[in-house]
Every structure is written in C-alpha cells, then in structure tokens.
Amino acid sequence: MPRRTPSGRAESTAASSARRAAALTVISAAVMASVPLVAAPATAASLSTWEKVAQCEASGNWQAINWSGPFYGGLQFTQSTWESYGGLTYASRADRATKRQQILIGEKVLAGQGERAWPHCGPKYGLGSDHGTPYPDPVPPTSKVTGPGAGAATTGIIELTASVTDAVGAPTSATFSIDGAAVGTDKGPGPMYRTTIDTRNLADGPHTLTVRATNDAGQTGPSSAPVSFYTANRATATQASGDFNGDGKDDIGVLYDYGQEADGTNHSALWTFAGNGSGFGDPVKVWDNVEAGSGSWNWGRSKVTTGDFNGDGKADIGVLYNDGQDADGTNHTALWTFTSTGSGFGKPVRAWKSTTSWNWDRSKLTSGDFNGDGRADIGVLYNDGQQADGKNMTTLWTLSSTGSGFSGPVKKWDNDDRTTGSWNWDRSKLTSGDFNGDGRADIGVLYNDGQQADGKNMTTLWTLSSTGSGFSGPVKKWDNDDRTTGSWNWDRSKLTSGDFNGDGKADIGILYNNGQEANGTNHAALWSLTSTGSGFTGPVKKWDSGGGSWNADASKVTSGDFNGDGKTDVGVLYNYGRQDDGANSTGLWSFTSTGSGFAAPVKNWESAQSWNWFRSDLV
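What you see is a predicted model; the values in this text were computed from it and never measured.

(A) Region of the structure containing the nonpolar core. Membership of the largest hydrophobic core comes to 23 residues, with the highest contact counts inside it found for Trp-50, Leu-75, Phe-77, Trp-118 and Leu-127. Of all the elements in the fold, those that place two or more residues in this core are helix H2 (47-58) and helix H4 (99-113). In this view, Phe-77 contacts Pro-70, Phe-71, Tyr-72, Trp-82, Ala-94, Gln-102, Ile-105, Gly-106, Val-109 and Trp-118; residues no more than four positions away in its chain are not counted. Ranked by size, the runner-up nonpolar core spans 17 residues in total, among them Ala-269, Trp-271, Phe-280 and Phe-562.

(B) Seen up close, the state of the cysteines. Per the stated rule, a full pass over the model turns up 1 disulfide. Disulfide pairing is shown between Cys-56 and Cys-121; the S-S distance is 2.0 Å. Looking along the S-S bond of the Cys-56-Cys-121 disulfide, the torsion reads about -70°, which is the left-handed sense. With a gap of 65 residues between them, Cys-56 in helix H2 and Cys-121 in helix H5 (residues 121-124) connect regions that are remote in the sequence. On the basis of relative accessibility, which here comes to 12%, the residue Cys-56 falls in the buried class. Among the residues examined, Cys-121 registers a relative accessible area of 3% and is labelled buried.

(C) Structural view of the domain arrangement of the protein. Parsing the protein into structural domains produces domain 1 (47-125), domain 2 (142-231) and domain 3 (241-618). Computed from C-alpha coordinates alone, the two centres of domain 2 and domain 3 are separated by 33 Å. Taken together, the contacts link 6 residues of domain 2 with 4 residues of domain 3. Taking both partners together, domain 2 and domain 3 bury about 460 Å²; carbon and sulfur atoms supply 55% of that area. Inspection of the domain 2/domain 3 interface yields 1 salt bridge. Note that Asp-426 and Arg-200 form a salt bridge whose closest N and O atoms lie 2.8 Å from each other. For the pair domain 2 and domain 3, the interface holds 1 residue pair in polar contact (both at pLDDT 80 or more). Split into classes, the residues belonging to the side of domain 2 that touches domain 3 amount to 2 nonpolar, 2 polar and 2 charged.

Criteria and thresholds
Throughout this description, residue numbers start from 1 for each chain and increase along the sequence as written. For this predicted model, a pLDDT threshold of at least 70 governs which residues receive local features, and a threshold of 80 or more governs which side-chain atom pairs are given and counted, while totals over whole chains, interfaces and linings are taken from all residues. The side-chain values count all of the structure's non-hydrogen atoms but skip hydrogen atoms and water molecules. Only buried residues count toward a nonpolar core. Its members are Ala, Val, Leu, Ile, Met, Phe, Trp, Tyr and Cys residues joined through side-chain atoms within 4.5 Å. Buried, partly exposed and exposed residues are distinguished by accessible area as a fraction of the type maximum, computed with a 1.4 Å probe on protein chains only: under 20%, between the cut-offs, and over 50%, respectively. Secondary structure elements follow DSSP: runs of H or I of four or more residues count as helices, runs of E of two or more count as strands, with numbering from the N terminus. When checking whether two residues touch, look at their non-hydrogen atoms; a contact exists if any pair is within 4.5 Å. Cysteine sulfur atoms that pair up within 2.5 Å are treated as a disulfide. Delimitation of the domains relies on an automatic or database domain assignment. When two components associate, each loses some accessible surface as probed by a 1.4 Å sphere; the sum of these losses over both components is called the buried area. A carboxyl oxygen of Asp or Glu within 4 Å of a side-chain nitrogen of Lys or Arg is what we treat as a salt bridge. Polar contact is the term for a pair of N or O atoms within 3.5 Å; when the atoms are in protein, one must be able to donate a hydrogen and the other to accept it, and sequence-neighboring residues count only if both atoms are side-chain atoms. Classification convention: Asp, Glu, Lys, Arg as charged; Ala, Val, Leu, Ile, Met, Phe, Trp, Tyr, Cys, Pro as nonpolar; all other residues, Gly among them, as polar.

As structure tokens, then:
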C-alpha cells in the first residue's frame, strides 16, 4: 500500500523502497569513518536541479518532516547525515535551516556519495550529471542611471534615479555622484534606487551623474556609465529689459561670466544689445571688471535687475551681491548699481550693504517704481524659512530709490498676518509691473500649488498691489482650477511681464514647456494673462512652436518694448549648445507684439564666436 509523504501526496511502493535505500545510503555517512565506502565522483548541481529534487523528495517544502525516517527538510536528510556533513553550522536540524543552507549541505553529500544518496529523485533529475553551481561566487552589482535623462535641463529640487542588477546576490544600496562627488545614498533591496538633490547648489551648466551599488556580499560594483545633464536655475529668474540709451526702445543686457583668472580674480563683463527698431545690434561690451581694474567680481554671487533708478529716462542695472558669511554665521549682502551714461555705464557703485545678517541665497530680486515717484525701486522676496509647526515664512522688502542711492530695506509684507497662511518661497516666481494702471508698480507671484491626487498640477497667480507707501496683502487673481485650463505645471513655466497690448496695464507672459514629442521635437508655447485692471483674464495661447522644435529649457526669457511702438515684446536668449568644434553657440530671438498677440519669433543675432548661454544672465 502507498504511504503518505510529509506533504500528504501518495508515494509509490517503489519510491518508498527507494527512500529506504536512500536512508540507508545517507545514514551510512554517519559511520563513514569506520566503514569504508565507494564514493561517487565529486560533483555539483545547479539551483534549478536541486529545486526539482526537493520537489520530488518533499513536494518542494523546505521545512518538511517525514517522521517515518525521520527525514528532515526539502532534501529529506537524516539527522546523522545533517550532522556528519556540517549542517549544525547552520541549524540543529535540516528543516530549521534555510533553503540555501540545505542545498549547501546537499552539495557536500553529493560530492561525497553521488546522486544515489537520493536513489530515486537524484538520478531522475540528473543530479550527478548537472555539473552546475547552485550559488556561484558573488559578483559585484551593476548600475544604470535612469533619471534625469541624458541632456536634460534641470532646475530646483530634482530626483535622481537608478536601477541595479546583481547576477548572484541582492543589491543593498546605491550611491549617486555628480562630477565625481557623492551626493546621496539610497538603501534597500532595490532594484530601483532614488535620492533628491537641490540643483541650486550646483553651478549652472553641464554635469555628469554616475551611480555605484553595493550588494549583500559586501561587494561594491563599478560606477555606471555617466549621464550628462544640465542645471539652468538662473534661466528661471524673471527679467525685464530697459532702455539703456534713452532712445525710446528697450535694449537687452547680459552679465557674462568669464570664470576665474590664473591669479584667482573672478572675471565678469556687462554686454548690451541695443534695440534698433527692427531688431538688435551686435553685443557691445560696456564694462569688464578686469579691464576696468575694478577688482574681482564673482558672477556666481550676482543677481541682476534693471530699472531707471535715478529718474533720468535711461535704465540702469542693479546687482544684489553675495559678500559671503562670517565665522559666526552672519551673512553679508550688498546692492550695487551701474548707472547708464547713455553710451555705456559708470563703474559699479555700492548703494547699500547689510548691517545685520542678510542671506543672499534666500533673496529673489525684482524692480519697479513702487511708490510712483518716477524712480525705480528694488524689491526682494525673502525666504524666512520654516517654523516648528511647518509653516513656511516669506517677506517682501523694498529698497526705495533716493535718486542718488537707496534707503535701507523696509519690510512691506510678510505672511505672518493671520490670514495668508503658509507661503513657500521656493514655490514662488517673482515679477513686477503696473498691473492696475495706477502709475505704481505692483508685485506678481506665480505660485506652485503642487500636484493633486489625480496628477493634475496646480498653479496660482497672486498680486500684491502697491499702495504708494506699501503693498496690500496678496490677492489670488487666477488659478488653473477653473474647469477650462486643465493641468498647469509651474516647473514648466518661465515668467515675464509687460504691457503686451499697449493699454497702459502690465500683463503676464509665460513661456511654457510642452515637453518633447515622440520624434524628438521640443514643443513650447507662449501664453499671456491680460490685465483687466482689477484682475486678469485666463491664460490665452499667443504662439505655439507647432512642428518646429523649440526647447523651453534652452530659453532665458525677458521682455521690453524693443521697437518703441508702446507695446511690450518678448525676448529669448537661446542655447544652441556646444558645437562640433567645441564652441558654444547662443542666439537672441524676439516675439514682437501685435497688440492682440505675437508675431512668430525672429532670430536677431547668433554668436559668431563662442558664447556660453549658461554663463549669461539676462538683464
């Protein structure tokens, strides 16, 4: 009659006899020291073959017990065999050991006695002729960067991702490195790993990302193939140009970074493209700190804006400069101005320096005639950090022009007013303009409200209206939760402002990144929100790149009345990248306002010599 195995399946008489023979064979291992045996040739088997034998012996149950032997575990060892072949190293009985540990002892039995230690199941599944290895020696894990993609332009906080494979064991961690320096480690069994970084801690321009993983054998694999990506945080700064020469047509300025000289001097220069009515003249260098003997000027510590600070009808340039941090943690910041002479600019003059700690990194800069006195003032949206309760704190400060300089900063608003609630500086893009047509510049903020559970991105436009002596609290003028606009991604929006239709009220312009088509074509669109005096209409698409590729990530946006017709146009400094000869190529394009929309973009200039877009701050 058949008997039952530990799994409950019926076992034939032949199999039962074979098992008894196996028991005798395996048990005999316990007395190998005193009774000579004819051992089978040393051999090994693959993991899949051992699993088949276990299926045959114990229905694949690695914790099986057959009390008729008794036999233990997936390979049905007797206790004496388990002990004789070193099983006690792992567990007191085979059924209490892991699958791997049982197979490792099985390998020793197979090497000592051959496949007929399991008389029925061993030969049936070719245990002696497999010659495989169930657990090969561990090999280092291999890693691959999965995000960001090659050539991606990134801003703000981003996620780095990677996949890791291990042919034998299991990965346990992955370390991400940018330009050879570790920036984060993610731990766990994988195979996907991720970490986040703030790209604002990296210089704008190209960077190389690699990842390297460690496995459960303690091995560290090789670095992955490098992936090149770009940071372009300075491309997101909102700018408006100015009429530097007083001819009634706005010009475009660029503060350019030449890097560091051999003696350690930081080298920067100011260039202007003069509007001529139909386009722009070639760039003219109007200031160079090395040529002027002005000492070191660090472009990376400069935030630029423009405005007619002295009320003479010509736009000047302002730079908020980072003077660093003292040993005690006090941050120092200064405001410098370059005053237009009509044909160029005077040397920079320091108009203000902080007397208490002022963190340049926490300052977003704009300018406008906030009090209506005919002179442009400076506005700074300042990050006051996060309170213990998680509330984000933000403040608006202004430095008012006196004609010959600026008064010290005065706080005009903060969100600690019991009505505004938490205000996240990192989620704020700043601009300014006379949105209600009262002759005083107001503040506009495009705010990131995050992503809903359904994946819809939410964005809001707020304004702080000038009262002449200060600003009213922020008022929501638009958001995309209007059942018509659909998802609106703040991260894909580059903000500017100007009187696009010539009605005396400033409007909002947004160059929007629609991503990349399946054929690799980059898709962008230009939208405007038109001021009604008391608010704004919903966004209207004024231009779409259509079938022509336009990379919004390669665009730095500004605005100004470039042709002097009373309507604000849009300008874009465009990155063509590094050419085959190693030269960097950059172009200047303009979208001319028609009053009701914009004409198609026209290229006004393309660099004949190397011009690095990443090192160019629009003014």
